[in-house]
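Working through the structure, step by step
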Amino acid sequence: MAETPTLSVTMLGAGQEVGRSCCVLQYRGKTIVCDAGVHPAYSGMASLPFIDELDWSTVDALLITHFHLDHAAALTYITEKTNFRDGKGKVYMTHPTKALHKFMMQDYVRMGSSTSDALFSPLDMTMSLASIIPISAHQLITVCPGISFTPYHAGHVLGACMFLIDIYGLKILYTGDYSREEDRHLVKAEIPPIRPDVLIVESTFGVHTLEAREEKELRFTNLVHSIIRRNGHVLLPTFALGRAQELLLILDEYWRKHPDLHNIPIYYASGLARKCMAVYQTYIHTMNNNIRSRFAKRDNPFVFKHISNVPQTRGWEKKIAEGPPCVVLASPGFMQVGPSRELFELWAPDSRNGVIITGYSIEGTPARDIMTEPEDFVTLKGATIPRKLSVDDISFSAHVDYSQNAEFIETVKAQHVVLVHGEQAAMSRLRAAMTSRYKERDEDVKIHTPRNLETLRLSFRGERVAKAIGTLADAHPKTGDILSGLLVAKDYSYTLLDPRDLRDFAGLTTCTVTQRQKIILGVGWNLVKWHLEGMYGSIDEGLDKDGVPTMRVMGVVDVKYTAEHELTLEWESSSSNDMIADSTLALITGIDKSPASVKLTTNSHSHSHAHAHGEQSHPHADPDGKSSERIRIARLAMFLEAHFGEIEFHMPDADDDDHELGEDEHGASLLVRLDEAEAQISLVNLTVSSANDVLKKRVEAVLDMALTTISSLSEAFVSGTSDVADDAALSKDHVDAGAESMEETEDSEAILEVIA
Ligand SMILES: [Zn+2]
Ligand SMILES: [Zn+2]
């Protein structure tokens, strides 16, 4: 067998530091780069990652996790000033990230171009922006043969995501910056459903524990209030985007509750503010329930009642600084230059004033330096001034703290954990803490903390996973069993099959491929039946030729009760059958989570009673076939759900919460929401409408597939009538497709680990 391939991980930045995130992954001749940021403590070329160390024309994909400058601001330089464009590399980020990246970069270029060390021109930036491919969370994106990835929500800031990357079957999860605490506007980071081989995770806070959100907010608003009471000015250095929105939500609410503050202005000093608010309003549906429910009640939380923009005139800082007490959110957060720095210098000598550092301050920046509360301070002009204003640090930065990070790392269960985006000390403390946690439990997990340019080479003990198909999959192997067969390698994936099955696999004759999938399940057979009937209408139930209890779903997929806590799905492969099998599988594996299951389980007595009298009392069943339309819609929704996640059913004038099908379907529609876009499917004429063309096309394609499948089910399903050559080609495809879906189900016992 070929020698064990190695994954190389090279940090061009953010290796034992925070800033200029840039992580290079190389495996089997493919190269993926995650993030391309600058280091805020440096300027010009020195702020870039070590980009000369990589031949950028070899990069297949460059993935940006979020719009923060330390993750995205070097992108323009890479696409426009290196040989990146000589290759086939593509650049991806989510829709909101792309929208906000544009504003961030305009601001960045404006600030940079005033100095001599501008890295690129506004034109370069425009060119770079044009090449970004916007994507949505949960979308499976195939970059090229061998590479695919899926973004998952990361919390942190609007649009931030982590990437689950698959290179020839090797799975790497790169988190970027992430948070596991739901705040006022964002959802918390998700845990991807697939266990990766390698986890590359931020370690900003090391083993530090952050205070709970409520406590933190209370301390923050009390502090602001007390500075105002002592007739001082409050300076909140923040970035224009991201955490500033969270602070504005907190302050606006606090002001509303405290009429004594109504004559105290809160200024949001950012030229970007207005433009970016539009982006925030556009992506409200990607935020959490708090924001969405307020928005639904026409209470747009981002229309602030007590926040004013500063006058767009030169020298406003001085005017405000000399005026009555106020609160100012001013950028940049690190106070190197700009409004926040200017206000700080104006307010520093007066002890009534206060500065509150609300974000994570990167080493080497003024925001970090003043946290030691120095007696005096050197201004940008070189004068030394006393520092009398109070300095406080209440972190609203949305990064995980120690316990959240440790819990995430342990849940993800990767064999290798690579810590990035953390200062050396924080990182090594986290490594020590994690290592001892794993040692206690006697688990072999490797924790790495590579420095910049120190290439980490990870091998995976030569393990290969081969998917057994056909006759071999019939067997029920136990640990230690040895299976022999033909190992077929294709694009680094392996399939093990019985030589007698070769005919089928190679498609030399007309062939029927029988697919099998085993599922381990913690619920009873009756509950499975109840759910299947709820979804597919009546189910044929009986014994198969071996006497195994079997239910047949839509006349196509057999669900067999092969052992206690074990079901086996069996079906003949074809495009529509595979879809039904997929949906059956999704339904069965989702049973544990279904609220209806709980209801039924606690009420099993009345359930069996219902059975004794036939199907009439089944809440979803369609005993007399009168509402076949309802079943058709349910099936349609099911297919759409398999592709797009939750689907909403909408009735004109119906209560928003009521998703039950009404008597009259006229004007009803199904709503598909994909991250920041939505598409509506009219159930009257089955047309799709959406403002987003890409989503519209995807929904139309799936709808088409779904309709074909559903209509083919209503006719007697006849297979093997088409021409032999076609059939063979089709069947072979499905062997691959089937194998893939097996791989994704951890419980599937058809996956055998073959040690090379
Ligand atoms: Zn960030
Ligand atoms: Zn960061």
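Everything below is about the structure shown above.
Model, not experiment: these values are computed from the prediction. (Residues numbered from 1 in each chain as written. Chains lettered and ligands numbered in written order. Predicted model: local features only at pLDDT ≥ 70, side-chain atom pairs only at ≥ 80, totals over all residues. Heavy atoms only, no water.)

**A look at the overall build of the protein chain**
In terms of helices and strands, the protein chain carries 21 helices and 35 strands. Taking all 756 residues of the protein chain together, the buried fraction comes to 53%. Counting only contacts in the protein chain whose residues sit at least 6 apart along the sequence, the fraction spanning at least 24 positions is 69%. Surface exposure of the protein chain reaches about 34,500 Å², of which carbon and sulfur atoms provide 50%. (Helix = DSSP H or I, 4+ residues; strand = E, 2+ residues; numbered from the N terminus. Buried < 20%, exposed > 50% of the residue type's maximum accessible area, 1.4 Å probe, protein only. Contact = heavy atoms within 4.5 Å. Areas by Shrake-Rupley, 256 points an atom, 1.4 Å probe, with all protein chains shown as cover.)

**Some thoughts on the environment of Ser 203**
On the secondary structure map, Ser 203 appears in the loop between β11 (198-202) and α5 (213-229). Sequence-wise, Ser 203 and His 421 are 218 residues apart; in three dimensions their C-alpha atoms are separated by 5.7 Å.

**Regarding the sheet that holds strand β14 (residues 307-309)**
Read across the sheet, six strands follow the order β14-β13-β15-β12-β16-β19 without closing on themselves; strand pairing throughout is parallel. The sheet is open, and its two edges are formed by β14 and β19 (390-393), each paired on a single side. Looking at each pair of strands side by side, their axes are set apart by 25° on average, direction ignored. Note: strand β13 (residues 266-269) against strand β15 (residues 327-330), four bridges, orientation parallel. Within β15, the position partnered with Ile 266 by the bridge is Val 327. (Pairing = 2+ DSSP bridges. Axes fitted to C-alpha atoms, helices over the stretch in contact; angles between N-to-C directions.)

**Details of the side chain of Asp 401**
Tracing the sequence through the fold places Asp 401 in the loop between β19 and α12 (402-412). Not counting chain neighbours up to four residues away, the residues in contact with Asp 401 comprise Phe 205, His 208, Thr 209 and Leu 210.

**A few points about the sheet that holds strand β30 (residues 566-572)**
The sheet built from five strands is open, its strands ordered β26-β30-β29-β28-β27 with antiparallel pairing. At either end of the open sheet lies a strand with only one pairing partner, and these are β26 (514-520) and β27 (540-543). Averaged over neighbouring strand pairs, the angle between their axes works out to 25° when direction is ignored. With seven bridges connecting them, β26 and β30 associate as antiparallel partners. Opposite Arg 516, over in β30, you have Glu 570 as the bridge partner.

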